[in-house]
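# Remarks on the overall topology
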Amino acid sequence: MTSVDLSEPAEQDAYRAEVRAWYDANATLNGPGNPWAIASHTEGDSARQFFNSNREWQTRLFDAGFMGIAWPEEYGGGGGEGWMARIEREISRDYSELTGFPGATTAMLGPALLRHASEDQKREYLPKLLSAELTFCQLFSEPGAGSDLASLATRAEIDGDEFVVTGQKVWNSAAQYCDWGFLLVRTDPDAPKHRGITFVLVDMSSPGIEVRPLVQMNRSAHFNEVFLSEVRIPMANMIGELNQGWAITRTVLANEAAFIGGVKVPCADNLIELARRHDRLTDPIVRQNLVQFLIRDRVTTWMGEQVQQAIRRGEMPPMDPGLLKLMATQNKVLSGNLAMELSGPAGLVNESEPARWSHHELMIRFAISIGGGTSEVLRNNIGERSLGLPREPGYDKNQPWRDIPR
Ligand SMILES: Cc1cc2nc3c(=O)[nH]c(=O)nc-3n(C[C@H](O)[C@H](O)[C@H](O)COP(=O)(O)OP(=O)(O)OC[C@H]3O[C@@H](n4cnc5c(N)ncnc54)[C@H](O)[C@@H]3O)c2cc1C
C-alpha cells in the first residue's frame, strides 16, 4: 500500500505563506464563532443564496489561481503540483467561506471530463466548471434505478445530430439552481444494461425540462425530480462514445465517494465539549468511545489524503474510494450516537443549539449512507473488486435491457 506523504520540504513553506496571506486578506478566519451551527437551509431563498454565495466564492478562488491547482493550464487549471492543492485544501479549512455544491460537482465531474472528454470539450467545459461560470447537477438516479443504476430507463433517440430524450430522474441535488446537468440516457435498449448507456451534458434551460423540488421533513428541498419530455440535446454534448457511458459513470461515482468520504467536518471538539458540559469527561466508557472516534476520524483523513493525492495525479486511487465513504459514514454513526448518549433523554426534546447539533449529527448519517452509493452496495463493491470475493448473482447482466422485467 502507498505510504501517506505528510512531510513538507522547506521549499513548500513559501507557497503555504502565499496561500495563507491570500486567505487572510480575502476570507474570514473561523473564529470562536458558533461551533454548534448547522448547515441546513429550510427556506428556498436562503438555500438559493447559500448556493450563489458558494458559487461566487469558487469564482474568486478560480481568479486567484486556487481552483484546479494541479490541472493542466490549457483547461483552466494552474499546472501546479499535487502538494500545492493539498496545502490549499488544508489552509481553506481554517476559513468559513465554502465552495459547497459547485465545489463538490467540480471534484466529481472534473476528473471524469479530464479522463474521458474530447479535446474540444475539455477546453470548452473545464474552465467554466472550475470558475463556476457553469454549475452542474447530477442526473443519474431514477424512480426504478438507484443502487442498480445501470437499469435506468430514460430513453434517447437519435434524430439527425441531436438526441431526443424522454424520461424521469429523481433525487437530483441542487438541480433547481444549476445551469447544466450530466445525464445518463439509454441509447441501446437491445444491449445488456451496462452497454447501452450514454453520458451527455445538458443545458437545464432546454425546452422540455421540468424541475420539481422535493420537500423533506425538515422543510428543506435539497433535491428534485427532473422530468424530461422530448428534450433535444446536441450529440456534440456526448462525453466519450455512444453506448459507452458506464465507464465514465464509474469514474464519476468513484470521485463522488472519494469526495464525500474526504469532506472534513470537525466535530471532535463538540463531542468533547458535550462530555464536559454533561460532566462525563472522566467516564471510562465515554473516553473509550471518544478515542475510538478520534482514531477512526484521523485514519479516515489519512486515507482521504492518499485517495486525493492519486486523483490529483490522474492515477487510480490506491484503495476503493467506496471504503473511504464507508468509513466516513461509520464515523458519523459513532459521533451521532455519542452526541445523543452524552446529551441524554433531555437532548432528544431539547431545542438548545447543542441539542439541535446532536440531532443533526445523528440524522445526517442517513443522507451520507445513501447518497453516492448506499453502504450495502459499497460493501458489495469492495468485496468483489478489492477482496476478490465471488460476484453477486446477477441474472440480468448479459440479457438485453429491453427483456429485463421492470
Ligand atoms: C443526500 C442525497 C443526495 C443525492 N443526490 C443525488 C444526485 O444529485 N443525483 C442523483 O442522480 N442521485 C442522487 N441521490 C440518489 C442516490 O444516488 C440513491 O438514493 C442511491 O443510489 C440509492 O438508490 P435508491 O434510493 O433507489 O435505493 P435502492 O437502490 O432502492 O435501495 C434500497 C435499499 O436496498 C439496498 N440494496 C439495493 N441493492 C442492494 C444490493 N445489491 N445488495 C444489498 N443491498 C441492496 C440499499 O442499500 C438500500 O438500503 C442522492 C441521495 C441522497 C440521499
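The coordinates are above.
Residues numbered from 1 in each chain as written. Predicted model: local features only at pLDDT ≥ 70, side-chain atom pairs only at ≥ 80, totals over all residues. Heavy atoms only, no water.

## Some thoughts on a nonpolar patch on the surface
A surface patch of nonpolar side chains, about 340 Å² in accessible area, is lined by Val291, Ile295, Val299 and Trp302. Inspection of the secondary structure puts Val291 in helix α8 (residues 284–312). (Patch = residues over 30% accessible without salt bridge, like charges linked within 9 Å, V, L, I, M, F, W, Y side chains within 5 Å. Areas by Shrake-Rupley, 256 points an atom, 1.4 Å probe, with all protein chains shown as cover. Salt bridge = Lys/Arg side-chain N within 4 Å of Asp/Glu carboxyl O. Helix = DSSP H or I, 4+ residues; strand = E, 2+ residues; numbered from the N terminus.)

## Comments concerning the nonpolar core
With 43 residues, the main nonpolar core has Tyr23, Phe66, Leu113, Phe136, Phe182, Phe199 and Leu201 as its most contacted residues. Listing elements by their share of this core, those giving two or more residues are α1 (11–26), α2 (44–63), α3 (82–92), α4 (100–116), α5 (119–131), β4 (180–186), β5 (197–203) and α6 (245–262). Both domains that furnish three or more residues to this core are identified here as domain 1 (11–135) and domain 2 (137–243). Those residues within four positions of Phe136 in sequence are excluded, and the remaining contacts are Phe101, Thr105, Leu109, Tyr125, Leu129, Cys178, Trp180, Gly181, Phe182 and Leu201. Residues Val165, Ala175, Leu183 and Ile209 belong to the second largest nonpolar core, which totals 22 residues. (Core = buried A, V, L, I, M, F, W, Y, C linked by side-chain atoms within 4.5 Å. Buried < 20%, exposed > 50% of the residue type's maximum accessible area, 1.4 Å probe, protein only. Domains from an automatic or database assignment. Contact = heavy atoms within 4.5 Å.)

## Quick notes on the side chain of Ser151
Position of Ser151 relative to the elements: it lies in the loop between β1 (136–139) and β2 (155–159). For Ser151, a relative accessible area of 11% gives the class buried. A polar contact of 2.8 Å, which involves the side chain of Ser151, links it to the backbone oxygen of Asp148. Excluding residues that lie within four positions of it along the chain, Ser151 makes contacts with Gly144, Ala145, Arg186, Lys193, Trp401 and Arg406. (Polar contact = N/O pair within 3.5 Å; in protein donor to acceptor, adjacent residues only side chain to side chain.)

## A closer look at helix α9 (residues 321–349)
Of all bends in α9, the biggest is about 100°, found at Ser343, and the proline Pro345 comes one to four residues later. Where α9 begins, the capping side chain belongs to Asp320, and its oxygen is found 2.8 Å from the backbone nitrogen of Gly322. (Bend = angle between axes of the 7 residues up to and from the residue.)

## Quick look at the pattern of salt bridges
Using the criterion set out here, one finds 22 salt bridges in the structure. Between Glu90 and Arg16 there is a salt bridge; the shortest N-O distance is 2.7 Å. Of this pair, Glu90 sits in helix α3 while Arg16 sits in helix α1, and the two are 74 residues apart along the sequence. Residue Glu90 is classed as partly exposed on the basis of its relative accessible area, which comes to 29%. On the accessibility criterion, Arg16 (23% relative accessible area) is partly exposed. Notably, a salt bridge pairs Arg402 with Asp190, separated by 2.8 Å at the nearest N-O pair.

## Some words on the site of the ligand
For the ligand, the set of nearby residues contains 19 residues, the closest of which are Ser141, Ser147, Trp171, Thr374 and Glu376. Between the ligand and the protein, one listed contact pairs a nitrogen atom with a backbone N or O atom of Gln138 at 2.9 Å. In the model, an oxygen atom of the ligand is placed 2.6 Å from a nitrogen or oxygen of the Ser147 side chain. Protein contacts shield 66% of the accessible area of the ligand, which totals 970 Å² for the unbound molecule. It is helix α11 (residues 375–386) that provides the largest number of residues to the shell around the ligand, a total of 3 residues. Across the shell around the ligand, the residue classes break down as 7 nonpolar, 10 polar and 2 charged. Residue assignment places the shell around the ligand across two domains, with domain 2 (137–243) and domain 3 (264–386) each supplying three or more. (Near = heavy atom within 4 Å. Nonpolar A, V, L, I, M, F, W, Y, C, P; charged D, E, K, R; others polar.)

## Comments concerning α6
The end-to-end C-alpha separation of α6 is 26 Å, in line with the 26 Å expected for 18 residues at 1.5 Å each. For α6, every residue scored as buried is listed here: Gly245, Trp246, Ile248, Thr249, Thr251, Val252, Asn255, Glu256, Ala257, Ala258, Gly261 and Gly262. (Expected span 1.5 Å × (residues − 1).)

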